[in-house]
Amino acid sequence: MTPALPVTVIGGYLGAGKTTLVNHLLRTSGLRLAVLVNEFGALPIDSDLIEAEGDALVSIAGGCVCCEYGDDLVGAVMQVMALEPKPDHILLESSGVAIPGSILASLLFVDGLRGDGVVVVADAAEIMNTAGNRYLADTIERQLADADILVLNKADLVDEAALDSVRNWLGAQVPGTRILPAVQGQVPHDALLGSVPLPRRGHRISGHAAGLFSSVVLHPSGPVDPVALATSLAEGGHGLVRAKGYVANEAGGQTLIQVVGARWTVEPAEPGHQTGVVCIGLKSGFDPGRLDGLGLVEAV
Amino acid sequence: MTITIYAARKILTMSDARPVATHVAVKDGKILGAGTLEELQRWGEHTLDETFADKVLMPGFVEGHAHSGAGSVWDGTYLGWFDQKDPDGKVWHGLKTTDEIVARLQEAAATGEGPVVGWGLDPIYMDNVRITRQDLDRATTDRPIVITHASGHIMSMNSKALEMAGLLKQGLNHPAIPLGKDGLPMGELRGPEVMAPAGQKVGYDRKALEGSERGLKAFGRLCVRAGVTTSTDLARIYSPDKVDVMLKTTGAKDFPICLVPFRHGRDMSPADLVAFMKEVKPKSTERCQLGNIKLHADGSIQGFTARLRWPHYQNGAPNGLWYVAPEQLLEVFERALEEDLLVHIHTNGDEASELAIDTLETALKKVPRPDNRFTLQHCQMATPAQFRKAARLGMCVNLFANHHYYWGDEHYKYTVGPERAERMNACRTALDSGVPMTIHSDAPVTPIGPLFTAWAAVTRLTASGRVQGEGEKISVAEALHAITLGAAFTLKMDHLIGSIEAGKRADFAVLDEDPTEVAPEALKDVPVWGTVQGGRIFAAETI
Ligand SMILES: [Zn+2]
């Protein structure tokens, strides 16, 4: 069985920097990304960054793909899934007024697709204003609430005090949601996308030491209950943004665990993978020492 | 070309100068004048045509909000509660029980291949009976059955269809997929986010037929039966190459209406959209008026996707969805105003109407256009203050009188409650506020039939037989104005159509009775003989 294709919905209001983030991911992830854009016509995606002669960039009509006019979404997704070679990951940039969780929900029963998570981009300078707009307040509230990970973009456009205040405000709006400050959408791709480099062939997890993120590999001491481990990683208050890896399960096989914010999935895996779970978190909020209880923590 | 003078029992011209006439003279598809035979004879050599000697002529009706898909839906099987006529004039009797529905589907499944498509099902009239997949399996287990409900927000499937959609399995946990006692889906899909992908997997594509030559022709026949000579096709997505197809289809000698397609803006940037409309507008013909734009601001009230002002939905459902961002709406408005293009905006909820009004006010400060006629479509919940402001900004409204009849009881009981249900589709307030108004069917959501629509606005009866919103009734004369000149005005076509006056298109609705003489309650039953469009005669009997 081929593994399910992960899809990440990138939501957030108009002008927050969703497209900038997509372009950043295209440039840096090293993954074959297919991009679906659900917006009124304009496609400011840097198409030079798209492999496969642009086939991997599909525009879906604007409005909201989860509404009455949503017929196009599944067709577009199918088109992308039929690509050869297959993409590693699908990014779906939703329209500025869409409710991203609904979009992810509508994709869940396309066979062969796995909802990886919802990333919501918020403009550090604007989000509180937009959330105060009488027409938009509840839409913004619902967008934020759907986020597994919040990218607080344009952090350089506000001073430190303002950044703190918007972070505090967001923290109160959506307690527990991982918030990643960013400038021009520059968030390490493995903090956002499910395709975390697995601990194999001596692969080193790149470049977080210098940045805002730290990564470790968790090695459980023996076979585990994958659901219990995934739940603990997602909800245990460790401050993880993302985790992925294979573990030995109690039935003697292997299970793939994936965590995005507070969302997790487990799926049975072919045997023979190097075990270990890569855990990535914001330095400021992630204390790898707190994972000790779950197994051996290897620094990378 | 020769002059034809038509004699009629009575001609209601909708022109104040000569409200009633007995004869109308036509040349080159246009009206020379309406009056007495003696008056008109001065035009010289003519043929006196007595075809309508015992008929009543009105200006051809103008449908300001319909979709040409009302023709192509008849490729599927009608399953609704009310009797409805198909494009061939065959009456499909309304179905009152699950058994009747199964029987009709069984018949449909006996011929053809691929999915068996049904439409118009409305269990609210059947005590909200739930049609299960097992019910539908009695019609066929070999072919998938896909039924869209009249509300547009529910789909029903048989087991075969659910299996093809990959949904016939245990362990589904989705609010839009109700399960039966056996833990498998019971057969209903409740919400577009599951209906669209499931339908697609079964091979049902509602948009495939839309705009096809065959669908457009079927729509034209429906129009003739309803006395309609000009109709919008209000939310079409078309590309430049489709324009030629539309012009060719509508240009056929026997195509019986003037079609007014509005290009939906959802898949183009505002700049591209406006540029495209500017480019195609000059290609307009007598039978295809191009260059207009349609946008959706919100969803529907019964689907809880319309945007409502406080106090929102009475059951506490979260407010609906925006289908466009305010900034995008503003950009389309400004660009369209600059190019003198017409924009109609779907706004069901009162908050959506408010956004459209506010946004136009902002746009007009930058691009003043006193005669913009931007029209709020449906505009079902607008408040008196909104009507007053819309009037002052030069806007129009097109109210959904048919909806009030078909779903007024639902709104009264479930969505918004009595106080707001009674003021929905407030024709009286609109007219008193001075905002130009028309009324519509939104076919195929409800059947196209301006006389029915007029009846609904006049009586304000709901399907259960209650008068809902006595204070919002309008007179028969006002309703007849709404379905002729009123609609023409919202399309910026009132100089061409909407009344029987010198210089206008020879477009007539040919009626067997006089709608101003029958009891208001009988308005919907006035028989339509057919139409005259651009001087061409179309009898419903032979269309
Ligand atoms: Zn419509």
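Attention here is on the structure that accompanies the text. (Residues numbered from 1 in each chain as written. Chains lettered and ligands numbered in written order. Predicted model: local features only at pLDDT ≥ 70, side-chain atom pairs only at ≥ 80, totals over all residues. Heavy atoms only, no water.)

The next subject is the overall build of chain A. Counting secondary structure elements, chain A contains eight helices and 13 strands. The buried share of chain A, reckoned over its 300 residues, is 57%. Taking as baseline every contact in chain A between residues at least 6 positions apart, the subset at least 24 positions apart corresponds to 73%. Roughly 11,700 Å² of accessible area belongs to chain A as shown, and the carbon and sulfur atoms make up 52% of that amount. (Helix = DSSP H or I, 4+ residues; strand = E, 2+ residues; numbered from the N terminus. Buried < 20%, exposed > 50% of the residue type's maximum accessible area, 1.4 Å probe, protein only. Contact = heavy atoms within 4.5 Å. Areas by Shrake-Rupley, 256 points an atom, 1.4 Å probe, with all protein chains shown as cover.)

On to the environment of V274 of chain B. All names here are of chain B. Counting through the fold element by element, V274 comes out in helix α9 (residues 270-280). The class for V274 is buried, based on a relative accessible area of 6%. In the structure, V274 is positioned 224 residues away from E50 in sequence and 47 Å away in space, judged by C-alpha atoms. Apart from the residues within four sequence positions on either side, V274 is in contact with I293, V332, R335, A336, E339 and L341.

Next up on the list: the coordination of the zinc ion. All names here are of chain B. Each protein donor to the zinc ion is listed here as H65 (NE2), H67 (NE2) and D442 (OD); together their distances run 2.1 to 2.2 Å. Here the donor residues of the zinc ion are spaced in sequence according to H-x1-H-x374-D. Owing to a relative accessible area of 1%, H65 belongs among the buried residues under this scheme. (Donors = N, O, S within 2.8 Å, 3.2 Å for Na, K, Ca; no water.)

Residue and element names in this part refer to chain B. Covered by surrounding structure in strand β19 (residues 396-399) are C396 and N398 together with V397 and L399, the residues of both alternating faces. As judged from the four bridges shared by strand β18 (residues 375-378) and β19, these two strands associate in the parallel manner. Across the sheet, the residue bridging to H378 is L399, located in β19. In the classification by handedness, the crossover that spans β18, the intervening helix α12 (residues 384-392) and the parallel β19 is right-handed. As defined by bridge partners, β19 adjoins strand β20 (residues 437-439) across three bridges and the pair is classed as parallel. (Pairing = 2+ DSSP bridges. Right-handed = clockwise from strand over helix to strand, strands pointing away.)

Shape descriptors only; they carry no functional weight alone.
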